[in-house]
Amino acid sequence: MTSSSSPSRKALSKIACNRLQKELSEWQVNPPTGFKHRVTDNLQKWVIEVTGAPGTLYANETYNLQVEFPQHYPMEAPQVIFVPPAPLHPHIYSNGHICLDILYDSWSPAMTVSSVCISILSMLSSSPEKQRPADNDRYVKNCKNGRSPKETRWWFHDDKV
């Protein structure tokens, strides 16, 4: 995987604002199990608390996801990272970047923040061991200066964890 500089963030479009307000309203009524939205006045950047599912390696552990929405959400995927310290997982780098196809190549505008969160919790829950990706040190070193994981050309080769 390779990285390049992250583009500056632009204001949300009207479509993005409407969609996010709808998603936030739905979240407040029916949040996905194991997640809490930390309320801020910034619709473009959400912080979501994740609690590991019972009966998994991450049971009762708590982490924070940062979700940044692009100008043309939902036509473009949000940037989703774990705020360090990130969980030890074969697809989560120590800088919080997540190697999960739905966040990049397999994104669909039909997906929501809730569906992304459920996918991330499922990924965590299916892991048989806590470990960093084999290329963690090299990847993190190449991601200096705030590079976005969306600028990485990911290689999705392992769907077991």
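The structure this text deals with has already been given above.
Residues numbered from 1 in each chain as written. Predicted model: local features only at pLDDT ≥ 70, side-chain atom pairs only at ≥ 80, totals over all residues. Heavy atoms only, no water.

**With respect to the packing of aromatic side chains**
Alright, step 1. Evaluation of the coordinates by the stated rule reveals six aromatic pairs.
Alright, step 2. Both rings, one in Tyr63 and one in Phe82, keep their centres 6.1 Å apart while their planes meet at 80°; by these two values the pair is edge-to-face. Here the residue Tyr63 occupies a position in strand β3 (residues 62-68), and Phe82 occupies one in strand β4 (residues 79-83), the gap between them amounting to 19 residues. Judged on exposure class, the residue Tyr63 and its partner Phe82 are both buried.
Alright, step 3. Judged by centre distance (6.0 Å) and plane angle (40°), the ring pair of Tyr73 and Trp107 falls under tilted. Linking Tyr73 in the loop between β3 and β4 with Trp107 in the loop between β4 and α2 (113-125), this pair joins segments that are 34 residues apart in sequence.
Alright, step 4. Classification of Trp107 as buried rests on a relative accessible area of 12%.
Alright, step 5. Members of the aromatic cluster, joined through ring pairs, are Trp27, Trp46, Phe69, Tyr73 and Trp107. (Phe/Tyr/Trp six-rings, centres within 6.5 Å; stacked < 30°, edge-to-face > 60°. Helix = DSSP H or I, 4+ residues; strand = E, 2+ residues; numbered from the N terminus. Buried < 20%, exposed > 50% of the residue type's maximum accessible area, 1.4 Å probe, protein only.)

**Some details on α2**
Alright, step 1. The end-to-end C-alpha distance of α2, which contains 13 residues, comes to 18 Å, matching closely the 18 Å that a straight helix rising 1.5 Å per residue would cover.
Alright, step 2. Listing the buried residues of α2 in full gives Val113, Val116, Cys117, Ile120, Leu121, Met123 and Leu124. Viewed along the axis of α2, the buried residues span an arc of 155°, placing them on a single side of the element. (Expected span 1.5 Å × (residues − 1). Arc of directions from axis to C-beta.)

**Structural notes on the environment of Trp107**
Alright, step 1. Separated by 29 residues in sequence, Trp107 and Pro78 place their C-alpha atoms 9.2 Å apart.
Alright, step 2. Trp107 has contacts with Tyr73, Pro74, Met75, Glu76, Ala77, Pro78, Asp101, Ile102 and Val116, leaving out every residue within four places of it along the chain.
Alright, step 3. From its side chain, Trp107 meets the backbone oxygen of Pro74 in a polar contact 2.8 Å long. (Contact = heavy atoms within 4.5 Å. Polar contact = N/O pair within 3.5 Å; in protein donor to acceptor, adjacent residues only side chain to side chain.)

**Looking at the sheet that holds β4**
Alright, step 1. The sheet built from four strands is open, its strands ordered β1-β2-β3-β4 with antiparallel pairing. Only two strands of the sheet have a single neighbouring strand rather than two, namely β1 (35-38) and β4. Between one strand axis and the next, the sheet turns by 30° as a mean value, whatever way the strands run.
Alright, step 2. Here five bridges tie β3 to β4, and the two strands are oriented antiparallel to one another. The residue of β4 that forms the bridge with Glu68 is Gln79.
Alright, step 3. Packing of helix α1 (residues 14-29) onto the sheet brings it into contact with β1 and β2 (45-51), and relative to β2 it is tilted by some 30°.
Alright, step 4. In the packing of α2 onto the sheet, contacts are made with β1, β2, β3 and β4, and the angle to β2 comes to roughly 35°. (Pairing = 2+ DSSP bridges. Axes fitted to C-alpha atoms, helices over the stretch in contact; angles between N-to-C directions.)

**Some remarks on the pattern of salt bridges**
Alright, step 1. Across all of its chains, the model carries four salt bridges by this definition.
Alright, step 2. The residue Glu23 makes a salt bridge to Arg19 at a minimum N-O spacing of 2.7 Å. Note that Glu23 and Arg19 are positioned in helix α1 at a spacing of four residues, about one turn of the helix. Considered together, Glu23 and Arg19 belong to a single accessibility category, that of buried residues.
Alright, step 3. Residue Glu49 pairs with Lys36 through a salt bridge whose shortest N-O separation is 4.0 Å. A residue pair is termed long-range when its members are at least 10 positions apart, and Glu49 in strand β2 and Lys36 in strand β1 qualify at 13 residues. (Salt bridge = Lys/Arg side-chain N within 4 Å of Asp/Glu carboxyl O.)

Read these as layout, nothing more, since geometry by itself doesn't imply function.
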